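Working through the structure, step by step
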Amino acid sequence: HGIPQGLSISPFLCGLHMAAGDQAAMRSGLLPPNEKGGFLLRLVDDFLLASWDKERVERFLAVLASPENPYGGEFNAGKCAAN
């Protein structure tokens with residue numbers, strides 16, 4: 001059951017949950033805090049990772065797709081795009 005998706009507090013609660021994932025990802029080295037030449041933006045549960053380092057991007061996607069995902073959700077490869 002839980003909280004309805006359209007409720008005004010839902011994005012706030014999701015943000016709290018995802019912030020814990022951000023911290024876990026930084027502790028594991030997945031998200032270096034100040035990478036030169038790249039950045040990660042997250043809005044609620046959507047990510048935009050820009051980096052010149054292809055291996056870093058591939059590692060990030062592999063961790064999101066794994067059962068040990070620090071964000072605790074499921075990765076939907078069909079909603080993922082890269083260029």
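About the cut-offs
- Residues numbered from 1 in each chain as written.
- Predicted model: local features only at pLDDT ≥ 70, side-chain atom pairs only at ≥ 80, totals over all residues.
- Heavy atoms only, no water.
- Helix = DSSP H or I, 4+ residues; strand = E, 2+ residues; numbered from the N terminus.
- Buried < 20%, exposed > 50% of the residue type's maximum accessible area, 1.4 Å probe, protein only.
- Contact = heavy atoms within 4.5 Å.
- pLDDT = per-residue confidence, 0-100.
- 1 Å grid on protein atoms, 1.4 Å probe; cavity = no way out; pocket = protein on both sides within 12 Å on 5 of 7 lines; lining within 4 Å.
- Points joined across faces, edges and corners; volume = space filled by probe spheres on them.
- Nonpolar A, V, L, I, M, F, W, Y, C, P; charged D, E, K, R; others polar.

For the protein, the helix and strand inventory stands at 2 helices and 2 strands. Order of helices (α) and strands (β) in the protein, N terminus to C terminus: α-β-β-α. A principal-axis box enclosing the C-alpha atoms of the protein has dimensions of 40 × 25 × 20 Å. The buried share of the protein, taken over its 83 residues, is 18%. Of the contacts formed within the protein by residues at least 6 apart in sequence, a portion of 40% connects residues at least 24 apart.

Turning our eyes to something else, we now look at the confidence of the model for the protein. When the pLDDT values of the protein are averaged, the result is 82; 92% of them are 70 or greater. Model confidence for the protein, summarised as mean pLDDT per element, is weakest for strand S1 (residues 38-43) at 82 and strongest for strand S2 (residues 46-51) at 86.

This paragraph deals with the layout of surface pockets. The volume enclosed by the largest pocket comes to roughly 850 Å³. Lining the largest pocket are 26 residues, with Phe 47, Leu 61, Leu 64, Phe 75 and Cys 80 positioned closest to its centre. Every element with two or more residues in the lining of the largest pocket is listed here: S2 and helix H2 (54-65). Tallying contributions element by element places S2 first for the lining of the largest pocket, with 6 residues. Class assignment of the residues belonging to the lining of the largest pocket gives a composition of 15 nonpolar, 5 polar and 6 charged.

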